[in-house]
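So the chains spell out like this:
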Amino acid sequence: MPSFKQLAGLVLIIVAVVILVLSYNAYMTGYHKTISTSNFTFLFSGIFWDLIGIIIGAVLIAIGLILAYPKGARWLANRNGGKL
């Protein structure tokens with residue numbers, strides 16, 4: 001049976017995916033409003049919310065991965081062998 005940390009990690013990953021979908025939807029809405037009205041304010045607003053969603057989603061996915069599967073997160077962090 002999964003522990004509380006694993007369930008919390010999975011919930012964070014699901015929330016992150018929802019945020020990413022909503023941020024992409026905000027971008028596409030802004031894009032379509034820009035095409036129909038030729039007002040670039042909508043496009044810049046959509047790009048802004050898309051970037052905010054990507055940043056928040058990436059952080060939540062990282063935290064969720066660390067909580068749900070710490071060995072996999074450690075492997076992902078060390079897969080380069082410490083070389084840049």
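One can find the structure itself at the top, above this paragraph.
Keep in mind that this is a model prediction, so the values were computed, not measured.

(A) Broad picture of the packing of helix α2 (residues 40-68) against helix α3 (residues 70-78). Taken N-terminus to C-terminus, the directions of α2 and α3 make an angle of 125°; their axes are 5 Å apart at the nearest point. Between α2 and α3, the interaxial angle falls into the category oblique. Here Leu65, Ile66, Leu67 and Ala68 of α2 come into contact with α3, specifically with Pro70, Ala73 and Leu76. Residue classes in the contact of α2 with α3 are distributed as 7 nonpolar, no polar and no charged.

(B) Summary view of the packing of aromatic side chains. Under the definition given, this model contains 3 aromatic pairs. Consider the rings of Tyr24 and Tyr27, whose centres lie 6.4 Å apart with planes at 45°: the pair is tilted. Placement of both Tyr24 and Tyr27 in helix α1 (residues 4-37) is noted, with a separation of 3 residues, approximately one turn of the helix. Classification of Tyr27 as partly exposed rests on a relative accessible area of 25%.

(C) Structural view of the environment of Ala8. Relative to the helices and strands, Ala8 is located in helix α1. Its relative accessible area of 24% is what places Ala8 among the partly exposed residues. Between the C-alpha atom of Ala8 and that of Ser38, which follows or precedes it by 30 residues, the distance is 44 Å.

(D) Summary view of a nonpolar patch on the surface. Taken together, Phe40, Phe44, Ile47, Leu51 and Ile54 make up a surface patch of nonpolar side chains, about 500 Å² in accessible area. Structurally, Leu51 is set in helix α2. Since its relative accessible area comes to 48%, Leu51 is described here as partly exposed.

The rules behind the values
Residues numbered from 1 in each chain as written. Predicted model: local features only at pLDDT ≥ 70, side-chain atom pairs only at ≥ 80, totals over all residues. Heavy atoms only, no water. Axes fitted to C-alpha atoms, helices over the stretch in contact; angles between N-to-C directions. Helix = DSSP H or I, 4+ residues; strand = E, 2+ residues; numbered from the N terminus. Parallel < 35°, antiparallel > 145°, perpendicular 65-115°, else oblique. Contact = heavy atoms within 4.5 Å. Nonpolar A, V, L, I, M, F, W, Y, C, P; charged D, E, K, R; others polar. Phe/Tyr/Trp six-rings, centres within 6.5 Å; stacked < 30°, edge-to-face > 60°. Buried < 20%, exposed > 50% of the residue type's maximum accessible area, 1.4 Å probe, protein only. Patch = residues over 30% accessible without salt bridge, like charges linked within 9 Å, V, L, I, M, F, W, Y side chains within 5 Å. Areas by Shrake-Rupley, 256 points an atom, 1.4 Å probe, with all protein chains shown as cover. Salt bridge = Lys/Arg side-chain N within 4 Å of Asp/Glu carboxyl O.

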